[in-house]
Amino acid sequence: MIKVLIVMFFATSMAMAKYISIDIDRSVMSDNNIQIIDIRTPNEWKQGVLKGAILVNLTDNNGYYNEKFLDNIKSKIDPNKKIAIICRSGNRSQKASKILVDNGYKDVINLSGGMLLATQKGLDIVKP
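Reading the values: rules and limits
- Residues numbered from 1 in each chain as written.
- Predicted model: local features only at pLDDT ≥ 70, side-chain atom pairs only at ≥ 80, totals over all residues.
- Heavy atoms only, no water.
- Helix = DSSP H or I, 4+ residues; strand = E, 2+ residues; numbered from the N terminus.
- Contact = heavy atoms within 4.5 Å.
- pLDDT = per-residue confidence, 0-100.
- Expected span 1.5 Å × (residues − 1).
- Buried < 20%, exposed > 50% of the residue type's maximum accessible area, 1.4 Å probe, protein only.
- Arc of directions from axis to C-beta.

### Concerning the side chain of T59
With respect to the secondary-structure elements, T59 resides in the loop between β4 (54-55) and α4 (69-76). The residues touching T59, leaving out its near neighbours within four places in the chain, are I39, T41, P42, Y64, Y65, N66 and R92.

Here's what the structure looks like:
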């Protein structure tokens, strides 16, 4: 009986795993426990990326899903830190955040407003 309850607890907690959404700001960029992953396309990166962001495209320049997205994430992140996902406006980052949570990642943050908001706030944007 105890084993059944433990399995049910873990199954429920995994099903309830979620990400949070916050606006990008300087405090997110300066938090050493958060790694920002820019999931825009390679063409979008040419316009500028947040200083220190990890570049892993969710889709290619033609809009096709990057089938190695999860492998690319895994190979480029520190698993002991939080993951913050950014795109142009917050739509794709929301989808990518869900993909990560659905695949067992914890401490996932969707950066609402994306690069549009980062630009409005005058955050550190560099050319890759």
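Having put the structure on the table, let's press on.
### What about the environment of D78?
Within the secondary structure layout, D78 lies in the loop between α4 and β5 (82-86). Along the sequence, D78 and N33 sit 45 residues apart, while their C-alpha atoms lie 9.5 Å from each other.

### Thoughts on the confidence of the model for the protein chain
Averaged over all residues, the pLDDT of the protein chain is 89; the fraction at 70 or higher stands at 87%. Segment residues 3-14: pLDDT under 50, and one contact once partners within four positions in sequence are set aside and those in other chains are kept.

### Details of helix α5 (residues 91-102)
The first and last C-alpha atoms of α5 sit 17 Å apart over twelve residues, in line with the 16 Å expected at 1.5 Å per residue. Of the residues making up α5, those classed as buried are S93, A96, S97, L100 and V101. Relative to the axis of α5, the buried residues are bounded by an arc of 135 degrees and lie together on one face. Seen from the open side of α5, the exposed residues pointing more than 90 degrees away from its buried face are K95 and D102.

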